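Fold and geometry: a report
Read off the chains here:
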Amino acid sequence: MTTGMKLKQFLLHEKRAGVDLPYDLIELIHEVSITCKEIAATVSRGELSGVLGVAGSENVQGETQKELDIITNDIMADHLSVSGLVAGMGSEEIDDPIDVPSKERGEYLLMFDPLDGSSNIDVNISVGTIFSVLKAPLGCKETPKLDDYLQKGIEQKAAGFVVYGPSTVFVLTTGQGVHMFTLDSTIGEFVLTTEGVSIPEETTEYAINMANRRFWEEPMKQYIEDCQLGEDGPLGKRYNMRWVASMVAEVYRILIRGGIFMYPYDNRDPSKAGKLRLMYEANPMGFIIEQAGGMASTGHGRIMEVDSTGLHQRVPVVLGSAAEVRKVEEYHSKAEKVA
Ligand code: AHG
Ligand code: MN
Ligand code: MN
């Protein structure tokens, strides 16, 4: 009986059952979860924490406010840099890799988005933290170089996210399925509540920011138009739409009841291949979605096989229920054949 096990207890149990989980990876996941509890506490205090509102403005004490993105970044970076478990880190909030003092270095690289959906924080809608774990090619011997971070998503050793919603839930994969742990605040522990999440193959629920329609490529415009035609259109079914503007909340919903989430390529800024970032948003979410039986694509191919060219590289994202993601890929491949 695994339901009810605490996070670390469950990972040790899996290791004993034969899952390839090094002890230091278990420790790293556990340390990340402790950090997320701290972020959950900060986020849940809302206005009381004195960090909401416009960053750079003064709070009631006359102090200049820091953005919550930066505060949560510092919580994660400060905690993990003295854990002895990471050789370096990459964060959405920091341009360059974050080095770790030589005595504190471990075997892994940690990529993270400390606060996803941060535009939602002032309006009290779910936000989250996303992370991805890679092996440091040189281990703990040297300070990792940028190139050491630029690995494909298929190289990930673990990935997860925490959604700070009505309940705080830690979603994790180490390549053996996806498991969910709900924070029991009475004991301060993440407790296993769902083992082996499975995304329904079919869906009638899509999530996309419709306001960007005019910037999309033709196949995406066509697919969404066909969704909107419902049972009278070529897709032959009536769709519903959701848009939370927090990827963590959208992916969580898809893990629970299926769906498709898209942040496609758009031509607002041709130098950017989409809005979402490969290393700490698309790759970890792609790993989780695939491990739960779904698909994660750029529209043209698997996200986790995209070559990584930079810490903050952007990528188009289409993920969720496998049959629906396959349909979107078909819209793209048909358009390529015509061209
Ligand atoms: P972040 O807050 O880390 O910058 O990420 C926000 C992302 C993602 O969570 C969400 O799906 C998307 O941006 C929302 O974009 P719109 O502002 O276009 O709705
Ligand atoms: Mn984000
Ligand atoms: Mn963020």
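If you're wondering where the values come from, they're calculated on a predicted model, not measured in any experiment.

1. Side note on the coordination of the manganese ion (ligand 2)
- Distances from the manganese ion (ligand 2) to its protein donors, D113 (OD), D116 (OD) and E281 (OE), fall within 1.9 to 2.2 Å.
- Sequence spacing of the donor residues for the manganese ion (ligand 2), all on one chain, is D-x2-D-x164-E.
- The manganese ion (ligand 3) is placed at 3.8 Å from the manganese ion (ligand 2), the two being bridged by D113. Accessibility classification places D113 together with D116 in one group, the buried group.

2. A closer look at the site of ligand 1
- E92, D116, G117, M247 and Y263 are the nearest of the 17 residues found near ligand 1.
- Here an oxygen atom of ligand 1 sits 2.9 Å away from a polar atom, N or O, in the main chain of G117.
- A distance of 2.8 Å separates an oxygen atom of ligand 1 from a polar backbone atom of M247.
- Listing elements by their share of the shell around ligand 1, those giving two or more residues are β3 (108-116) and β11 (260-263).

3. Some points on the sheet that holds strand β5 (residues 158-164)
- Within the open sheet, the eight strands sit side by side as β2-β1-β3-β4-β5-β6-β7-β8. Their pairing is mixed. One side of each edge strand has no neighbouring strand; the edge strands of this open sheet are β2 (98-99) and β8 (189-195).
- One ladder, built from six bridges, connects β5 with strand β6 (residues 168-173); its direction is antiparallel. Bridge pairing in β6 places F161 opposite V171.

4. Section: the packing of helix α1 (residues 7-16) against helix α2 (residues 23-44)
- Where α1 contacts α2, the two axes come as close as 10 Å, and the packing angle between them is 160 degrees. Here α1 is positioned roughly antiparallel relative to α2, judged by the angle of their axes. In terms of crossing hand, the pair formed by α1 and α2 is right-handed. Residues L7, K8, L11, L12 and K15 of α1 pack against Y23, I26, E27, I29, H30 and S33 of α2.
- Here the residues of the contact of α1 with α2 are counted per class, giving six nonpolar, two polar and three charged.

Reading the values: rules and limits
Residues numbered from 1 in each chain as written. Chains lettered and ligands numbered in written order. Predicted model: local features only at pLDDT ≥ 70, side-chain atom pairs only at ≥ 80, totals over all residues. Heavy atoms only, no water. Donors = N, O, S within 2.8 Å, 3.2 Å for Na, K, Ca; no water. Buried < 20%, exposed > 50% of the residue type's maximum accessible area, 1.4 Å probe, protein only. Near = heavy atom within 4 Å. Polar contact = N/O pair within 3.5 Å; in protein donor to acceptor, adjacent residues only side chain to side chain. Helix = DSSP H or I, 4+ residues; strand = E, 2+ residues; numbered from the N terminus. Pairing = 2+ DSSP bridges. Axes fitted to C-alpha atoms, helices over the stretch in contact; angles between N-to-C directions. Parallel < 35°, antiparallel > 145°, perpendicular 65-115°, else oblique. Left-handed = near helix turned anticlockwise from the far one by under 90°. Contact = heavy atoms within 4.5 Å. Nonpolar A, V, L, I, M, F, W, Y, C, P; charged D, E, K, R; others polar.

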